[in-house]
Amino acid sequence: MLVLVACTALELVIAASASADPGAGLWFHSDRGPSSTQALAPVPVPEAPHPVPEPPAPQPAAPQEPEPGTSLARNPAKVLHIWLTGYSFQDNTPPGSAIVSAPAVHRTAGGTGTYTDPITVAVPGHADERTMAWRSGTLFYLPTVQRYAIVEDSGASPAPSGQDGHLDMWVDGQGDSKTASDRCMDRITGVGIPAIMDPPPDQPVLVGPITSNGSCLIPKNSN
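### Description of the packing of aromatic side chains
This structure, assessed with the given rule, holds four aromatic pairs. One aromatic cluster is present, built from ring pairs that chain together Tyr 115, Tyr 141 and Tyr 148.

### So, the environment of Thr 85
Looking at where Thr 85 falls in the secondary structure, it is placed in strand β1 (residues 78-88). Sequence separation of Thr 85 and Val 171 is 86 residues, and the distance between their C-alpha atoms is 9.5 Å. The residues touching Thr 85, leaving out its near neighbours within four places in the chain, are His 166, Leu 167, Asp 168, Met 169, Ile 188 and Thr 189. Within polar-contact distance, the side chain of Thr 85 engages the side chain of His 166 at 2.7 Å. Only 2.6 Å separates the side chain of Thr 85 from the side chain of Asp 168, close enough to count as a polar contact.

### A word on the pattern of salt bridges
Per the counting criterion, the structure on display carries one salt bridge. For Asp 182, the salt bridge is made with Lys 178, and the minimal N-O distance between the two is 2.8 Å. With a gap of four residues between them, Asp 182 and Lys 178 both fall in helix α2 (residues 178-188), about one helical turn apart.

### Let's talk about the state of the cysteines
A complete count under the given rule lists one disulfide for this structure. The partner cysteine of Cys 184 in its disulfide is Cys 216, sulfur to sulfur 2.1 Å. On the S-S bond that ties Cys 184 to Cys 216, the torsion sits near -100°, and the link is left-handed. Separated by 32 residues along the polypeptide, Cys 184 in helix α2 and Cys 216 in strand β8 (residues 215-216) bring together distant segments of the chain. A single burial state applies to Cys 184 and to Cys 216, both of which are buried.

Conventions and cut-offs
Residues numbered from 1 in each chain as written. Predicted model: local features only at pLDDT ≥ 70, side-chain atom pairs only at ≥ 80, totals over all residues. Heavy atoms only, no water. Phe/Tyr/Trp six-rings, centres within 6.5 Å; stacked < 30°, edge-to-face > 60°. Helix = DSSP H or I, 4+ residues; strand = E, 2+ residues; numbered from the N terminus. Contact = heavy atoms within 4.5 Å. Polar contact = N/O pair within 3.5 Å; in protein donor to acceptor, adjacent residues only side chain to side chain. Salt bridge = Lys/Arg side-chain N within 4 Å of Asp/Glu carboxyl O. Disulfide = S-S within 2.5 Å. Buried < 20%, exposed > 50% of the residue type's maximum accessible area, 1.4 Å probe, protein only.

If you want it as structure tokens, here you go:
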């Protein structure tokens, strides 16, 4: 009797389930998946994120032409008072040469005195020991000879007391006599000579070497 009653109760549960949902069944496991009568809810597919545009790369500013009279030097112009002397092709080291120890714009001593082609000057100290008073490439303007000059050599004597430095200027003289070169060196030599360091490019220039064809190419009011 007890078994019969239990079976009868189970049948009642099955019958009740069938009457409540005719399409339902007691599936505890199936390899076939859900019944064809059961619709699957659509699975939402996430949208791909929209790419964020990268900001444009900054463009370099267009170079501006300097105003007339604007200095092309890297530092503000500075007026010094120096001991100015000269050296020539005849008394260079070694004599009869134009060798320099710290070339900047020339391989050998030279120049015409313009802003873009300044004349070589030597300064105290030694290039190989890096003890030069001014580094190679330092630009000057010398009003007494109306020339731009650039540091390209070393070995000049120390400046006397009270001077801002010593510039030993290349007077050239190649092809001329030592007498002519010496005369021109004497005429440009002096103490307290103004020298503009890092000068503007618009200063008056007497173009050419100091010694030329046996003469001294310097302003008339020079010594």
